[in-house]
Structure formats: structure tokens, C-alpha cells
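Structural overview
Listed below are the residues making up each chain.
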Amino acid sequence: MSTLVIAEHDNGSLKSATLNAVTAAQAMGADIDILIAGAGCDGAAQAAASVAGVRKVLVADNAAYAHQLAENVSLLIAEVGAGYDNIIAPATADAKNTMPRVAALLDVAQISEITSVESADTFKRPIYAGNVIATVKSADAKKVITVRITAFDAAPAEGGSAAVEAVDSAHDAGISSFVGEEVAVSDRPELTSADIVISGGRGMQNGENFKLLDGIADKLGAAIGASRAAVDAALCQTTCTSARPARLLLLTYILPWGSPCDPAPGPV
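These notes cover the structure that comes with them.

This next bit is on the nonpolar core. By size, the foremost hydrophobic cluster in this structure holds 31 residues, and its most contacted members are Ile34, Ile36, Val57, Ile114 and Ile145. Secondary structure elements with two or more residues in this core: helix 1 (16-27), strand 2 (31-38), helix 2 (42-49), strand 3 (56-61), strand 5 (110-114) and strand 9 (143-147). Broken down by element, the residue count for this core peaks at five residues, all from helix 1. Apart from the residues lying within four places of it in its own chain, the contact partners of Val57 are Ile34, Ile36, Ala45, Ala48, Ala49, Ala162, Ala163, Val164 and Glu165. Judged by nonpolar contacts, the second largest core, of 22 residues, contains Ile87, Ala95, Val102 and Val108.

So this is what it looks like as C-alpha cells:
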């Protein structure tokens, strides 16, 4: 049994979400290869080759994949993945755009955001905002899976010595193009990997006051998952299942004129 892990990267480096996906692949007891699709992505490829437990790194270095356009990358994954039993990606924004297309191209059902591997064909995944854990058994010969990264530890980033092979396939679907992007630069951790998450509640009064969370988050090294509905139990459950922090702070009385509302549930 073999598994192809789709790397999350920025061409120059490998993102940590890929390491969580590798751990999920290891739980399936399979030979693991990583696919890097990008342009000028040698840095990411070398980082992937160092990941412990990886057999081979496949590198598709082409301008068509420079900005991870799902219409192009999905064609590549479907072609390369045809020779694998499982195709796994971390459940990031990019993968949520790409992997359903891959599943459609391969005519199989996607298994989304698994939190555990029970066997080669059986998985657990949350539904109803994490209130229910479903056990899913797939009859498809080939599995297309996304992984909730907070449910799996990261594989060691060092200690591997995988072979690196070039993939010559270049797919340009010609139906989308990259126009531009505005990237917010922050020293704070990402929401899905943060140890501490701050979420503002009704005491914030209005949207403008949410900027007061920034200073606290910077001092604590926390991520911000701000929502005025944060004191609602449903949102708390959603936050705790999509991001698994060591501490979740629900701030509702940060302002002296905060409205009298139910106390926040506190750290969970």
C-alpha cells in the first residue's frame, strides 16, 4: 500500500501542516511519498526530503504551479496519484480548494478532515461543528483524504533522506489565472497550530474594539480567533475542534463599559 502526501509549502520552505499529514499517512502503514508542486520550489523539496519516514519526494517545478491554482494542481495530483492507494493532504484552504477536484477527476468520494485512522479503509471525522464524531468506512479502491492537522502530531522534520525525483508533467487548464495577493505579515502563530487562542466576545461592544486584542495576543504569543459570538457554546466547540490550543481565552469584559452578559466559560 502506498500513500501520496500533497505538500503545503511556499516554494522556499515546507509548511508544518505537511508534517501532520505525514503522521496521518504513517498511521495507514503505507510507503509514503510527498508531492511538491510549485515554481522555484527546490527549498521546499529539500525540506520534504529531510522529513522522517518519507520514501521519495516528487517535484513538479513549473510556472503553471507557481501560485497553486487548484485548476492546474488538481490535474497534476490526479495524474501522479493514479499510481497510489491513498492521496492525503492537510485540510488547509489550498487543499479544500484542490482535493475535491482531485476526487472528482478520480471518480471517488473524498473523506474530509479525518481525526484518526482506524484501519486502511476506516476513519473518524467530526461533523455538526465537532459535536458528533462519525466513523466512515470507504469502499473506494483509492482514498482521497484531507487531514485535520490538530488531530495528528507533526512528523519529525529532520532525520529523513528521501530521494528527490522530478515530475515533468505540466498542466495548465487555461481557465484561471493569478491576478495578485495581499498577504498580512504577522509574528503570531497560525490559528490551527497556536498553543493559545484569544477570541473576543460580546463585551467588545463593536468591531472597532477588536483591535484591543492585538496587544494582548502579542504579549501572550497567541493567535486571534475573534468573533462577537465567541461566548456561544457552539462557537467554542467549533474553535476547539478546528484549532486545538492549550488554552482558549474568551474575552468578554475587556472594556470597562462592557455590557452585562453571561460570564465567559473561561479557559478550556
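Let's pick the thread back up.
So, about helix 1. Its 12 residues place the ends of helix 1 18 Å apart at the C-alpha level, agreeing with the 16 Å of an ideal helix rising 1.5 Å per residue. For helix 1, the buried fraction is high: nine of the 12 residues fall into the buried class. Here helix 1 has its buried residues at Ala17, Thr18, Leu19, Asn20, Ala21, Val22, Thr23, Ala24 and Ala25. Residues of helix 1 that are buried sit in contact with strand 1 (2-6), strand 2, strand 4 (86-90), strand 6 (116-119) and strand 9. Immediately beyond the C-terminal end of helix 1, within one or two residues, lies Gly29, with a positive phi of roughly 65°.

Now for the sheet that holds strand 7 (residues 122-127). Strands sit in the order 6-7-8 across an open sheet of three strands; the sheet is antiparallel. Since the sheet does not close on itself, it has two edges, and those belong to strand 6 and strand 8 (132-137), each with one partner. Taking the axes of each pair of neighbouring strands and ignoring which way they run, one obtains an average angle of 35° across the sheet. Pairing of strand 6 with strand 7 involves three bridges; the strand directions are antiparallel. In the sheet register, Ser116 faces strand 7, and the bridge partner there is Lys124.

Tallied over the full model, the rule gives six salt bridges. Arg55 is the salt-bridge partner of Asp31, the closest N and O atoms lying 3.5 Å from each other. Taken together, the residues Asp31 in strand 2 and Arg55 in the loop between helix 2 and strand 3 connect sequence positions 24 residues apart. Judged by relative accessible area, which is 42%, Asp31 ranks as partly exposed. Judged by relative accessible area, Arg55 falls into the partly exposed class, the value being 41%.

Looking now at the packing of helix 3 (residues 70-81) against helix 4 (residues 93-106). At a closest axis distance of 8 Å, the pairing of helix 3 and helix 4 adopts a crossing angle of 45°. Classified by the angle between their axes, helix 3 and helix 4 sit oblique to one another. Where helix 3 crosses over helix 4, the two elements pack in a sense that is right-handed. For the pair formed by helix 3 and helix 4, the contact residues are Ala70, Glu71, Val73, Ser74, Leu75, Ile77 and Ala78 on the first element and Asn97, Thr98, Arg101, Val102, Leu105 and Leu106 on the second. For the contact of helix 3 with helix 4, the class distribution of residues is eight nonpolar, three polar and two charged.

Cut-offs applied
Residues numbered from 1 in each chain as written. Predicted model: local features only at pLDDT ≥ 70, side-chain atom pairs only at ≥ 80, totals over all residues. Heavy atoms only, no water. Core = buried A, V, L, I, M, F, W, Y, C linked by side-chain atoms within 4.5 Å. Buried < 20%, exposed > 50% of the residue type's maximum accessible area, 1.4 Å probe, protein only. Helix = DSSP H or I, 4+ residues; strand = E, 2+ residues; numbered from the N terminus. Contact = heavy atoms within 4.5 Å. Expected span 1.5 Å × (residues − 1). Pairing = 2+ DSSP bridges. Axes fitted to C-alpha atoms, helices over the stretch in contact; angles between N-to-C directions. Salt bridge = Lys/Arg side-chain N within 4 Å of Asp/Glu carboxyl O. Parallel < 35°, antiparallel > 145°, perpendicular 65-115°, else oblique. Left-handed = near helix turned anticlockwise from the far one by under 90°. Nonpolar A, V, L, I, M, F, W, Y, C, P; charged D, E, K, R; others polar.

What is shown is where atoms sit, not what they do.
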